[in-house]
Amino acid sequence: MTTPAIIVTNLTKTFPTGPKKRMTALDAVSLTIDKGSCLAVVGESGSGKTTLARIIVGLETPDSGEVAVNGEPVAPRANRKELRRRARDIQMVFQDPQSSLNRRLPVRVAVDEVLRAHADLSGPARRERCAELFTLVGLETRFMDALPSELSGGQKQRVAIARALAANPSVIVLDESVAALDVTVQAQILELLAELRVSQGLTYLFITHDLSVVQMIADQVVVMRKGSIVERGTTTEVLTAPQHPYTRLLLACAPRPGWKPQRGMIAKLREEIAS
Amino acid sequence: MKQFAERMGTLGLIACGIILVVVLGALLAPIIAPYDPTIGSVTQRYQGMSAEHWFGTDQAGRDIFSRLVWGARSSLTGPLIVVVITAIFGTGIALTAVWFGGFVDSALSRLLDLLFAFPNLLLAMLAIAVFGPSLTTAALALAVAYIPYSARVVRSMAMRERNLPYIRSPELQGISGAVITVRHLLPNVAPLIVTGATINFGFAMIELAALSFLGLGVQPPEADWGLMVSNGQQSLLNGYPAESVLAGLSIVITVAAVGYVGERLGGRAAAGRKA
């Protein structure tokens, strides 16, 4: 058996919420992601899913627990050298395409600086690679010298994906990466991500609250609530035969065509979770 | 250019015109001023307005118009020194604090609070007591006193930008903080720095005039607007208000013009952020 792309063991993280008070964002979370698969982490706001992503990429330091990428443990407190090393394995695409790019520089710069940091290429070679990456994410190369304000949200998110691909990572963490886009653009980006996963041999950790997105892209699902994993399984299992009442609640609350709010049912499920 | 005119509006363009006239007057003083501003004649004391002396003469028989034109030099260079030094150090401190955060941020913020607690003019007077009265001393001391104002404003905006993905993403690539700060953070807070500088310019001009008025800034017989207001006090009581009134008006008009242009530029910066 091959080594999993990511192994997270007993990750715990708390944040101070006031004097001598701490909120537990992650409570002994463990999970593995197999190479080439897509794991979706779902849960409501505050369930700790974003904190998990931020620890894995190195934006946040865990209180305890370990993260291993491609079988190698990563240092919990990341310095610059460590971040650079980790960035070659794992990259992140953020939620908001608007603030993901410096609005005063041509979008090409975002990709170019990643190439500069990780690849030993000359100026013209970098430009060429940059053009390749733009084509790869379905953007015409004429957009390279455009400012972010000249691009649509979907196009900006494509640039952000190109930036993530520039370092040739094996894992990409997508933190609500399609949540800020409208549904048609969402579908296009998800399609692109699915293609790239196969063509580039990528592994995804997909943070989302949107169950329709999960259905479209993920093989495995982890459901988080209040910093703990309450349910895990394949996408079909979790979406069709949810075991935990919280998962059932999430499914019951997900808007879909013909959906009507079922007040009594949600209250009942809430009670069930509380007990 | 057309865009600039639109942003400024009619009043703004008038203000720009006033600033231009004052700056040109200062630059071309030797050509414009009909008389030497420091040499008067006892026989020419307290002349009224005439073709020979446009704004009359002061109690030492010096041509008031010439003194106003020459006075523009020190009245503008003083605030300029203050504003440039303030912007450089204020921004430097703010961006350092924001980049490192945590302890560095707290330490620098407390240092600024300490400076805040000192009244500007008192700090300037203290420096003058130590180093002797001159425009340079007064301007440098005021610059130090203004640093916390500039730093605090820039820090609060930079703090918001710090967590946005366009800053976080290159950070995750292991790109150095200095590069990210100069390439991404600085250009995005620059409009605020410019606006802050124009506002500080007005304050600095008034406070430097006050110091000159008190005899702690520009020294007689040099021409300076603040000094002229002070110099004209006696004449004012004797029924010759021209010197004090005209110098005072020059200060008020220039400060108002710079302030208005700054406000317009600030509005522009805010509008640019939304786009």
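Small disclaimer: the values here were computed from a predicted structure and weren't measured.

**A look at the overall build of chain A**
- The number of helices and strands found in chain A is 11 helices and 10 strands.
- A globule of 275 residues ought to have a C-alpha radius of gyration of about 19 Å, and chain A, at 19 Å, matches this closely.
- Considering only C-alpha atoms, chain A reaches an extent of 65 × 45 × 45 Å along its principal axes.
- Evaluated residue by residue, chain A yields a buried proportion of 50% over its 275 residues.
- A separation threshold of at least 6 residues defines the contact pool for chain A, and within that pool the share at least 24 residues apart is 66%.
- Summed over its atoms, the accessible surface of chain A is roughly 13100 Å², and 51% of this surface lies on carbon and sulfur atoms.
- Averaging the positions of the 35 positive and the 29 negative side-chain charges in chain A gives two centres separated by 6 Å.

**A short note on the overall build of chain B**
- Of the regular secondary structure elements, chain B holds 11 helices and zero strands.
- Taken from the N to the C terminus, the helices and strands of chain B come in the order α-α-α-α-α-α-α-α-α-α-α.
- Oriented by its inertia axes, the alpha-carbon framework of chain B measures out at about 75 × 50 × 25 Å.
- In chain B, which comprises 275 residues, the share counted as buried stands at 46%.
- Across chain B, contacts joining residues at least 24 apart in sequence account for 69% of those joining residues at least 6 apart.
- When the accessible surface of chain B is totalled, it reaches about 13200 Å², and 72% of it is carbon and sulfur.
- Computed over 17 positive and 14 negative side-chain charges, the separation of the two mean positions in chain B equals 14 Å.

**A short note on the environment of Gln95(A)**
Residues and elements named next belong to chain A.
- By secondary structure assignment, the location of Gln-95 is in the loop between strand 6 (90–93) and helix 3 (97–100).
- Distance in space between the C-alpha atoms of Gln-95 and Ile-217 is 17 Å, their sequence separation being 122 residues.
- Setting aside residues up to four positions removed in sequence, Gln-95 forms contacts with Gln-157, Asp-175, Glu-176, Ser-177, Ala-179 and Ala-180.

**Remarks on the interface of chain B and chain A**
- Of the residues lining the interface, 19 residues belong to chain B; the matching set on chain A comes to 26 residues.
- When the shortest N-O distance is used, the salt bridge between Arg103(A) and Glu161(B) registers 3.4 Å.
- The interface formed by chain B and chain A contains 14 residue pairs in polar contact (both at pLDDT 80 or more).
- Every element with two or more residues in the side of chain B that touches chain A is listed here: helix 7 (165–172) and helix 8 (177–213) of chain B.
- In terms of residues, the side of chain B that touches chain A owes the most to one element, helix 7 of chain B, which gives seven residues.
- Partitioned by chemical class, the residues of the side of chain B that touches chain A number eight nonpolar, six polar and five charged.

**As for the pattern of salt bridges**
Residues and elements named next belong to chain A.
- A full pass over the atoms with the stated rule returns 21 salt bridges over all chains.
- Ionic pairing is found between Arg-127 and Asp-145, a salt bridge with its closest N-O pair at 3.1 Å. Pair noted here: Arg-127 is in helix 5 (residues 123–136) and Asp-145 is in the loop between helix 5 and helix 6 (153–165), with a separation of 18 residues, a long-range link.
- What makes Arg-127 partly exposed here is its relative accessible area of 39%.

**A closer look at the packing of aromatic side chains**
Residues and elements named next belong to chain B.
- Counted according to the given criterion, the structure contains three aromatic pairs over all chains.
- When the ring of Tyr-146 is compared with that of Tyr-149, the centres are 6.2 Å apart and the planes differ by 80 degrees; the resulting orientation is edge-to-face. Residue Tyr-146 and its partner Tyr-149 are both found in helix 6 (residues 135–162); the two are separated by three residues, about one turn of the helix.
- Classification of Tyr-149 as partly exposed rests on a relative accessible area of 35%.

**Brief notes about the pairing of strand 3 (residues 38–42) of chain A**
Residue and element names in this part refer to chain A.
- The element strand 3 is largely enclosed, with a buried count of five among its five residues.
- A two-sided burial pattern is seen for strand 3, the buried positions comprising Cys-38, Ala-40 and Val-42 on one face and Leu-39 and Val-41 on the other.
- The pairing of strand 3 with strand 8 (residues 203–208) spans five bridges and is parallel. Each bridged residue has a counterpart across the sheet, and for Val-41 the counterpart in strand 8 is Ile-207.

Basis of the calculations
- Residues numbered from 1 in each chain as written.
- Chains lettered and ligands numbered in written order.
- Predicted model: local features only at pLDDT ≥ 70, side-chain atom pairs only at ≥ 80, totals over all residues.
- Heavy atoms only, no water.
- Helix = DSSP H or I, 4+ residues; strand = E, 2+ residues; numbered from the N terminus.
- Rg over C-alpha atoms; globule rule 2.2 N^0.38 Å.
- Buried < 20%, exposed > 50% of the residue type's maximum accessible area, 1.4 Å probe, protein only.
- Contact = heavy atoms within 4.5 Å.
- Areas by Shrake-Rupley, 256 points an atom, 1.4 Å probe, with all protein chains shown as cover.
- Lys, Arg positive; Asp, Glu negative; His and termini not counted.
- Charge placed at Lys NZ, Arg CZ, Asp CG, Glu CD.
- Salt bridge = Lys/Arg side-chain N within 4 Å of Asp/Glu carboxyl O.
- Polar contact = N/O pair within 3.5 Å; in protein donor to acceptor, adjacent residues only side chain to side chain.
- Nonpolar A, V, L, I, M, F, W, Y, C, P; charged D, E, K, R; others polar.
- Phe/Tyr/Trp six-rings, centres within 6.5 Å; stacked < 30°, edge-to-face > 60°.
- Pairing = 2+ DSSP bridges.

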